[in-house]
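In case you want the letters, here they are:
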Amino acid sequence: MGRPDLSQNRSMSILNKAREGGYAVPGMCCYNIESIIATVRAAEAAKSPAMVLLFPWAIEYANSSLVRAAADAAHTAKVPVSLHLDHAQTPELVRRAADIDGAFDSIMCDMSHYEKEENLTLTKELSVYCHERGIATEAEPGRIEGGEDGVAETIDLEAILTTPEQAEEFVTTGIEMLAPAFGNVHGEYGPRGIQLEYDRLHSINKAVGDKVRLVLHGADPFTPEIFQNCIEAGVSKVNINKGMNKHYAAVQEEMRGKPLTSVIEAGTDRMQAAIEQYMHWLGSAGKA
């Protein structure tokens, strides 16, 4: 079976333009309707492309309800916004998500907790399943250490850094996006701090950057300088979680006891402001 035509895929259109333009697009990890709306509003205000990211938790918690709300918000935005499922860690979840009609533009088939050969086999099978439904796919060669809210942790598994050779192997599975492990960590970086291997990222980009878009995970504590270094090394998509969601949590604490609608609106506004800041740091503002 030939590779499907994904030329009209929203996620890939957004990321291909980012690579061509030398900037990156924020993928905002959303847990509720407020963060979804904040992402779309930020994209429209900053005239930036964006990606709304949901975790499988959204499906487990609300079946397809939150997914459909997110798809509606993303796909009716005045600027390019796509809907992506991040870290779908079982074949069953990938298929379940792909079968929600008109919802996800892309899905991360995260089989990184399996050994390498099984990871490759499952990623290839699931990419075919997604492609048949017009959905682009992302995978993680190696293993990015740590965990975040809504994702099964790999903290008990040894971090395995990605090599250019591994990256090339994963390209053969048919994926469109690749999330390399080059010292980045899900969640907290701990006392060791941020230690990224930019030479490794450059070598991965040299090997496969013309075939897949590179994705940065574990970017919450990064500075504008670190973002720029990653973009120069080929990154087109940057996943942001706490960098947005911590602002919503802060508003809830500050406004405890206030009318719920005012708390929701203030939290949405605070998240929107944070997202717009990332859009300027990543260079996507003004690109839509």
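Details of the structure are given in the entry above.
Remember, it's a predicted structure, so these values are computed and weren't measured experimentally.

A.B. asks: Please explain the nonpolar core as it appears in this structure.
C.D. replies: Nonpolar side chains in soluble globular proteins tend to end up buried together. Counting 76 residues, the largest nonpolar core has L54, V81, F104, I107, L216, F227 and V238 as its most contacted members. In terms of nonpolar packing, the next biggest core, distinct from the first, is built from 17 residues, I14, M51, A179 and V215 among them.

A.B. asks: Explanation requested: the pairing of strand β9 (residues 213–216) in the structure shown.
C.D. replies: Looking down a regular strand, the side chains alternate between one sheet face and the other. Here β9 shows no split at all, with R213 and V215 on one side and L214 and L216 on the other all buried. Two strands pair when backbone bridges link them, and strand β7 (residues 177–178) and β9 are joined in this way by two bridges, in the parallel orientation. The residue bridging L178 from the neighbouring strand is L214, located in β9. The pairing of β9 with strand β10 (residues 235–240) spans three bridges and is parallel. The residue bridging V215 from the neighbouring strand is K237, located in β10.

A.B. asks: How should I be thinking about unusual backbone geometry in this particular structure?
C.D. replies: Trans is the common state for peptide bonds, and a negative phi is the common state for residues other than glycine. Phi at K47 takes a positive value of approximately 50°, unusual for a residue other than glycine. Mapped onto the fold, K47 is located in the loop between α2 (33–46) and β2 (50–54). Here H87, not a glycine, exhibits a phi torsion of approximately 50°, which is positive. Summarising the element assignment, H87 is placed in strand β3 (residues 81–88). You can call H87 buried: its relative accessible area is 2%.

A.B. asks: Which parts of the structure should I look at to understand the environment of S35?
C.D. replies: Note that S35 resides in helix α2. Since its relative accessible area comes to 0%, S35 is described here as buried. Residues S35 and M244, spaced 209 residues apart in sequence, show a C-alpha to C-alpha distance of 8.0 Å.

A.B. asks: Mind showing me how you'd approach α2 here?
C.D. replies: Note that an α-helix has 3.6 residues per turn; residues three or four places apart therefore point the same way. Taking 1.5 Å per residue as the helical rise, α2 with its 14 residues ought to reach 20 Å, and the 20 Å between its terminal C-alpha atoms agrees with that figure. What α2 keeps buried is the set E34, S35, I36, A38, T39, V40, A42, A43 and A46. For α2, the elements touching its buried residues are β1 (25–29), β2, α4 (65–75), β3, α10 (242–254) and α11 (260–282). Backbone geometry just downstream of α2 places K47 in the positive-phi region, at approximately 50°.

A.B. asks: Before we go on, may I ask you to explain the pattern of salt bridges in this structure?
C.D. replies: Close approach of charged atoms lets side chains of opposite charge pair. Within the structure shown, the criterion is met by 10 salt bridges. The salt bridge partner of D99 is R133, with a shortest N-O separation of 3.0 Å. Pair noted here: D99 is in the loop between α5 (91–98) and β4 (106–109) and R133 is in the loop between α6 (116–131) and β5 (136–139), with a separation of 34 residues, a long-range link. Of the residues examined, R133 reaches a relative accessible area of 36% and is grouped as partly exposed.

A.B. asks: Teacher, can you tell me more about α11 here?
C.D. replies: Compared with an ideal rise of 1.5 Å per residue, which puts 23 residues at 33 Å, α11 spans 33 Å between its outermost C-alpha atoms and is within 8% of the ideal. Buried residues of α11: V263, G267, T268, M271, Q272, A274, I275, Y278, M279 and L282, and no others. The elements touched by buried residues of α11 are β1, α2, β2, α9 (224–232), β10 and α10. Downstream of α11 by a residue or two, G283 has a phi angle that is positive, lying close to 85°.

A.B. asks: Before we go on, may I ask you to explain the sheet that holds β9 in this structure?
C.D. replies: Backbone-to-backbone hydrogen bonds join strands into a sheet, with any given pair of strands oriented parallel or antiparallel. The parallel closed barrel is built from eight strands, whose spatial order is β1-β2-β3-β4-β5-β7-β9-β10. Across the sheet, helix α1 (residues 10–21) touches β1, β2, β3, β4, β5, β7, β9 and β10, and the angle it forms with β3 is around 100°. Lying on the sheet, α2 is in contact with β1, β2 and β3; it crosses β2 at an angle near 170°.

A.B. asks: Please clarify how the pairing of β10 should be interpreted in this entry.
C.D. replies: Counted residue by residue, β10 has six buried out of six residues, so it is predominantly covered. Pairing of β1 with β10 involves four bridges; the strand directions are parallel. When the bridges of β10 are listed, M28 appears paired with I240. As for the winding sense of the linkage, the β-α-β connection from β9 through α9 to β10 is right-handed.

Rules and cut-offs
Residues numbered from 1 in each chain as written. Predicted model: local features only at pLDDT ≥ 70, side-chain atom pairs only at ≥ 80, totals over all residues. Heavy atoms only, no water. Core = buried A, V, L, I, M, F, W, Y, C linked by side-chain atoms within 4.5 Å. Buried < 20%, exposed > 50% of the residue type's maximum accessible area, 1.4 Å probe, protein only. Helix = DSSP H or I, 4+ residues; strand = E, 2+ residues; numbered from the N terminus. Pairing = 2+ DSSP bridges. Expected span 1.5 Å × (residues − 1). Contact = heavy atoms within 4.5 Å. Salt bridge = Lys/Arg side-chain N within 4 Å of Asp/Glu carboxyl O. Axes fitted to C-alpha atoms, helices over the stretch in contact; angles between N-to-C directions. Right-handed = clockwise from strand over helix to strand, strands pointing away.

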